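Single-letter residue listing:
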Amino acid sequence: MGERSDRIDVQVSVGDQVVQVRVAGEVDIATVAAFRSALWSVPVRPVVQLELSGLRLLSAAGVRALLAAHLRVRARGGELVVVDPTPVVARVLRATGLHRVMPILEPARVVEAARRGAPADLVAGVRRPPAAAGDLVLAA
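Residues numbered from 1 in each chain as written. Predicted model: local features only at pLDDT ≥ 70, side-chain atom pairs only at ≥ 80, totals over all residues. Heavy atoms only, no water.

1. Regarding the overall build of the protein
Looking only at helices and strands, the protein features five helices and six strands. For the protein, restricting intrachain contacts to residue pairs at least 6 apart in sequence, the fraction spanning at least 24 positions comes to 66%. Here the protein displays about 7,300 Å² of accessible surface, and carbon together with sulfur accounts for 54% of that area. (Helix = DSSP H or I, 4+ residues; strand = E, 2+ residues; numbered from the N terminus. Contact = heavy atoms within 4.5 Å. Areas by Shrake-Rupley, 256 points an atom, 1.4 Å probe, with all protein chains shown as cover.)

2. Some details on the nonpolar core
One finds V21, V23, F35, L50, L66 and L80 to be the most contacted residues of the largest nonpolar core, which totals 31 residues. Mapped onto this core, the elements with two or more residues apiece are β2 (8-14), β3 (18-27), α1 (32-40), β4 (47-58), α2 (60-75), β5 (79-83) and α3 (87-96). Of the residues forming this core, the biggest block, six residues, is contributed by α2. Residues in contact with L66, not counting those within four places in the same chain, are F35, L50, L58, L80, L93, L98 and M102. Core analysis: the second largest hydrophobic core is formed by five residues, V18, V47, V81 and L105 among them. (Core = buried A, V, L, I, M, F, W, Y, C linked by side-chain atoms within 4.5 Å. Buried < 20%, exposed > 50% of the residue type's maximum accessible area, 1.4 Å probe, protein only.)

3. Some points on unusual backbone geometry
Phi is mostly negative for residues that are not glycine, and the peptide bonds are mostly trans. One non-glycine residue, D84, lies in the positive phi region at around 55°. Mapping D84 onto the fold places it in the loop between β5 and α3.

4. Re the pattern of salt bridges
In this structure the tally under the stated criterion is three salt bridges. Where D28 meets R7, a salt bridge forms, and the shortest distance between an N and an O atom there is 2.0 Å. Residue D28 is located in the loop between β3 and α1, and its partner R7 is located in the loop between β1 (2-4) and β2; the two are separated by 21 residues in the primary sequence. In this structure, E26 and R56 form a salt bridge, with 3.7 Å as the shortest nitrogen-oxygen distance. Of the two residues, E26 sits in strand β3 while R56 sits in strand β4, which places them 30 residues apart along the sequence. On the basis of relative accessibility, which here comes to 52%, the residue R56 falls in the exposed class. (Salt bridge = Lys/Arg side-chain N within 4 Å of Asp/Glu carboxyl O.)

5. Notes on the packing of α1 against α2
Direction vectors running N to C along α1 and α2 enclose 10°, while the axes themselves pass 10 Å from each other. Regarding the angle of α1 to α2, the classification is roughly parallel. Taking contact as the criterion, the partners of V32, F35, R36, L39 and W40 in α1 are, on α2, A61, G62, A65, L66, A68, A69 and R72. Partitioned by chemical class, the residues of the contact of α1 with α2 number nine nonpolar, one polar and two charged. (Axes fitted to C-alpha atoms, helices over the stretch in contact; angles between N-to-C directions. Parallel < 35°, antiparallel > 145°, perpendicular 65-115°, else oblique. Nonpolar A, V, L, I, M, F, W, Y, C, P; charged D, E, K, R; others polar.)

6. Examining the pairing of β4
When β3 meets β4, the two strands line up parallel, connected through nine bridges. Looking at the pairing, V27 lines up with L58 of β4. Of the crossover connections in this fold, the one passing from β3 over α1 to the parallel β4 is right-handed. Assessed by its sense of winding, the connection that carries the chain from β4 through α2 to β5 is right-handed. (Pairing = 2+ DSSP bridges. Right-handed = clockwise from strand over helix to strand, strands pointing away.)

Quick look at the structure:
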């Protein structure tokens, strides 16, 4: 299952406990509909891994879609976990404050958690920084 165009490729793999969504290319105003569609089609699972190592651009439209997906997954009882964002995307996540709202994992932590075999470890091992005064805190 997935979405593909000239500028974006989204692949979705569904497991018993984890859904893996791999996004490559660019998420901007022209491609955000495909990105949003793929995220909305994800079935209910405890963990949704959004792997962004192939994403070159995340625009404001992409940030809005990512935040909406995060809130949607949480409302359904799951956790959206961003995995291995490129440096450009990591800067966008920090600049927008999304790094304080959703877990972001480095590749080494993902491999370590997978070796332990429990998808819950992907979420349980993530330490979110406490909210500081003036931080945007969103509740589902």
